[in-house]
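Listed below are the residues making up each chain.
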Amino acid sequence: MEQDAYLVMRDIHKSFSTVEVLKGANFSVKRGEIHGFLGGNGAGKSTFMNILGGIYSKDSGEILIDGEAVEFSSPMQAIQHGISFIHQELKLFSMRSVADNIYMSRLPQKGPLRLIDDKKKNEMAREWLNRIELDIDPRTVVENLSIAEQQMVEIAKALSHQAQIIIFDEPTSSLTKKETEILFRIIRKLRDEGACIIFISHKFDEVFEICDRVTVLRDGRDVGTVAIRDTTVDELVSIVIGVKLDQYYPELNVIPQEQIALEVRGFCNDKLKNVSFSLRRSEILGIFGLVGAGRSELARAIFGLDACQSGTVIINGEATRITSPSAAMKKGIGFLTEDRRGEGLVLGMDINNNLNLPVLSSLTVPVVNFLRAKRMGRNTQAAFERFHIVARSPNQRVKELSGGNQQKVVLAKWFLTDPEIFILDEPTRGVDIKVKAELYEQIVNLATAGRSVIVISSEAPELLGICHRILVMRNGEIAGEFSRADATEEKLVKCAMGGQ
Amino acid sequence: MCDGGTINMTKRILPGRGINYLKPAILLIFAVYIAIRVPIFFSPANLISVISQGAVIGVASIGMSMVILAGEIDISVGAIIYCTGAIASEIFIETGNLPFAVLAAIASGALFGAINGFGVAKLKIPSMITTLAVSNILSGLGSIIIGSDSTLAAGSAYKVLSQTKILGLLSSSWIYLLLFAVFAVVICKTRFGRYIYAIGDNQDALRASGIRVDRVMMAIFILTGMLCGVGGLIATSRLGGTQFNLSLGTEVYCIAAVVVGGISMSGGRGNIGGLFLGVFIVAALDNLLRLMSVNVYMYNVIWGIVIFLVVLLDVLEKTQKTRGVRRISLNLNKNQEKER
């Protein structure tokens, strides 16, 4: 396998303090191939790629590029070896121009005073933009571009550094379907020109669409490299999780009750146009739509995070006004944000404290307000068992957890408050397939226990799998409603995009 | 969660896009009011004196603008001016050598700036705290140098530095204008200048581009210290010596000048040309309050209110910008629809 490879990583080991994350992982990529890189949360995927990107240094093992052993200890040195890492959260200067972003590390200078040669910089930047068929002015300020365009700027930057190996970390997570198609076209073009593309993703349909080969990492080791045309989704899933998964979505036996738990009437603000719907007890309601369709904004408005110009909320038959998250929580509403790093967690705090944060007031000794550490510990213990959180100890800082485990902590945190109405915004984003299955089961359990759930997602299959009913949003309006029986992925996507 | 809250708050106070016109509108109303109430303000002689009175704030504001563009703050500016001014005066009294006094002020300014830079860039102490500590040290040190007499008289020979008239302007004004021109080019047109903006924008990305962010940060604080050294020279030379607490607190006016000039307190955003206007407005307001003989205590109250309002304006502009970004993501979907 290795003989015609351009990049070879052999027997890579890496530990953080006492935890061994990589236990001898191997990986190789040929020129002119798109190589998928899969693995569950905590498999060591990001650590492995960060070593290749020069962000971490390896403990042992070797990296060969074109047959030559290389060593680097910073992202810049990796770039000089022709490796560009396009991160999921883009690393751009949002207030600077596109050309500045591409050439920041080597701004061209002119004259004896060595002033920046802006003209030359813009011309050179334009050439790279042309190469990826991106028709934007290099003087455009990056924050005025869409996420998709910003990603293209990162690609242009990688090309300008003569990158031979380009790593894409979940590049489609915030792209629309159309933007994804454009991105894929460019990735294929780069491949055809002889670049090595490494494509990290959780989405199997995309992996099957674009990758030539796939390597799977599990528990710090590589457990298989397969050509896409020789494999199936089921086979790949079983390699990733290590066991065969019989049933992905849990059975939905619970029937929604007659009683209406939540009714929203005529919600309007600058993102929402007259949104009305109702939610019954024990019902799981899905909300589907493209990025920016107003799904999250609707949830934020219900939870009191964003203001509403008009509209009413009726909870258990009683009209209420919710102007702040604390008011919403008092009414029994829980909200899992899509932005778990920004709004869901206090990253520098440990798991124990994060979990108990929303229920702290019920955990204090009256009058003196001391915290009841034992009860907090019991809550945390229960959450660990219920959600299978993988961590060194409850006192580990959440910043150090893998994305999937962080998501479990946020979810566990809101489960502690035991809301009557639970709004989940992209609950499975960045979560591996095994944890997803666990989360789906937890959501169905909620409904069985008489709670009402709203699940917001851009993945149609998961809504089809666990929801009683699905609303589709488009441009701040509800564009369609589908019952479980007659919803299909095609109908949902069509409706979300505005097709007939 | 807090973020959502502020957006709601500001929306309630001031709706929509009018903010862009707010600053020019306030200025215009203010100017008309002054023209009627204090006509002497707009006389050429007075305007020239505004520029010369603004020289100390102006020189120090050049440094402050670099610090703020990089997303940090320097509240030791006033104390550096005070201390370097005392050092220069003392040396001039002892030796009578003017170049030597100038050199001493700028070199000691560089040293104080280096201490700030070391704390911020190497020891990673927040700039607010580092410069607060340095500010305390230097205001004490300055007073020790001045000694128990509470004044240092350096005589009229020392005044030559700032009070010589060249082409109708005082030399202090020329020093400020010259330094402004030089630094405008440095900030707009050199790699170093571009790195200052980039630090305030996304420090991690700059580090990943292979730039030594700590060195850039160090240089910013050292340059600010040196500029404050020049400020110290001008301030003391104007008086022909120094006195207790001279120029302490100047940083507040510098921050006001920088923000009025359109440079964002959160870093990375702003035009250096605006700073010139900012300095002029701050100096003009100072001049005006003196022309109207406002008493010292009221003077402080008014300045406090002005700075509060100016920074509020900056915050409002910022929230409007972030809302603008959200609007763009919505438009994207609309465009898609059109294509279909």
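As the structure is a computational prediction, the values presented were derived from the model and not from experiment.

S.K.: So what exactly am I meant to see when it comes to helix 8 (residues 233-241) of chain A here?
M.R.: For the α-helix, the turn length of 3.6 residues means that residues three or four positions removed from each other point alike. For helix 8 of chain A, the complete set of buried residues consists of Leu236, Val237, Ile239, Val240 and Ile241 of chain A. Those residues of helix 8 of chain A hidden inside the fold are in contact with strand 3 (33-39), helix 7 (204-210), strand 11 (213-218), strand 12 (221-227) and helix 15 (433-448) of chain A.

S.K.: What's the story with unusual backbone geometry in this structure? I'm lost.
M.R.: When glycine is set aside, most residues are seen to have a negative phi, and most peptide bonds are trans. All names here are of chain A. Phi is positive for Gln162, close to 60°, though the residue is something other than glycine. Along the chain, Gln162 turns up in the loop between helix 5 (147-160) and strand 9 (165-169). Located in the positive-phi region is Asn316, a residue other than glycine, with phi close to 50°. Tracing the backbone shows Asn316 in the loop between strand 16 (310-315) and strand 17 (318-320). Given the relative accessible area of 45%, Asn316 is considered partly exposed.

S.K.: Help me out: how do you make sense of the packing of helix 3 (residues 44-53) of chain B against helix 13 (residues 272-291) of chain B in this one?
M.R.: Helix-helix packing: each pair is described by the crossing angle between the helix axes and the interaxial distance. Residues and elements named next belong to chain B. Packing of helix 3 against helix 13 leaves a shortest axis separation of 9 Å and a crossing angle of 115°. By crossing handedness, the relation of helix 3 to helix 13 is classed as right-handed. Between helix 3 and helix 13, the residues in contact are Asn46, Leu47, Ser49, Val50, Ile51 and Gln53 and Phe280, Ala283, Ala284, Asn287 and Leu291, respectively. Across the contact of helix 3 with helix 13, the residue classes tally to 7 nonpolar, 4 polar and no charged.

S.K.: What should I look at first to understand the environment of Thr320 of chain A in this one?
M.R.: Residue and element names in this part refer to chain A. With respect to the secondary-structure elements, Thr320 resides in strand 17. Residue classification places Thr320 among the buried positions, given a relative accessible area of 12%. Expressed as a C-alpha distance, the spacing of Thr320 and Lys331, which sit 11 residues apart in the sequence, is 8.8 Å.

S.K.: Got a minute to help me understand the sheet that holds strand 4 (residues 60-65) of chain A in this structure?
M.R.: The strands that make up a sheet pair up through hydrogen bonds in the backbone, lying either parallel or antiparallel. Residues and elements named next belong to chain A. In spatial order, the strands read 2-1-4-5; together these 4 strands make up an open sheet with antiparallel pairing. Looking at which strands have only one partner, the edges of the open sheet turn out to be strand 2 (19-30) and strand 5 (68-70). Ignoring which end each strand starts from, the neighbouring axes of this sheet average 25° apart. For strand 1 (residues 5-16) and strand 2, the ladder comprises 9 bridges, and the chain directions are antiparallel. Opposite Ala5, over in strand 2, you have Lys30 as the bridge partner.

S.K.: Help me understand the domain arrangement of chain A in this model?
M.R.: Interface size is commonly expressed as the accessible surface area that is lost when the partners come together. Residues and elements named next belong to chain A. Here chain A is partitioned into domain 1 (5-241) and domain 2 (260-497). One C-alpha centre belongs to domain 1, the other to domain 2; they are set 32 Å apart. On the domain 2 side, the residues contacting the 14 residues of domain 1 number 14 residues. Counting the surface lost from both domain 1 and domain 2, the interface buries some 1,100 Å², and carbon and sulfur atoms represent 64% of this. At the boundary of domain 1 with domain 2, the tally comes to 0 salt bridges. Linking domain 1 with domain 2 are 0 residue pairs in polar contact (both at pLDDT 80 or more), by the criterion used here. Residues belonging to the side of domain 1 that touches domain 2 are distributed by class as follows: 4 nonpolar, 7 polar and 3 charged.

Definitions and limits used
- Residues numbered from 1 in each chain as written.
- Chains lettered and ligands numbered in written order.
- Predicted model: local features only at pLDDT ≥ 70, side-chain atom pairs only at ≥ 80, totals over all residues.
- Heavy atoms only, no water.
- Buried < 20%, exposed > 50% of the residue type's maximum accessible area, 1.4 Å probe, protein only.
- Helix = DSSP H or I, 4+ residues; strand = E, 2+ residues; numbered from the N terminus.
- Contact = heavy atoms within 4.5 Å.
- Axes fitted to C-alpha atoms, helices over the stretch in contact; angles between N-to-C directions.
- Left-handed = near helix turned anticlockwise from the far one by under 90°.
- Nonpolar A, V, L, I, M, F, W, Y, C, P; charged D, E, K, R; others polar.
- Pairing = 2+ DSSP bridges.
- Domains from an automatic or database assignment.
- Buried area = accessible area lost by both parts, 1.4 Å probe.
- Salt bridge = Lys/Arg side-chain N within 4 Å of Asp/Glu carboxyl O.
- Polar contact = N/O pair within 3.5 Å; in protein donor to acceptor, adjacent residues only side chain to side chain.

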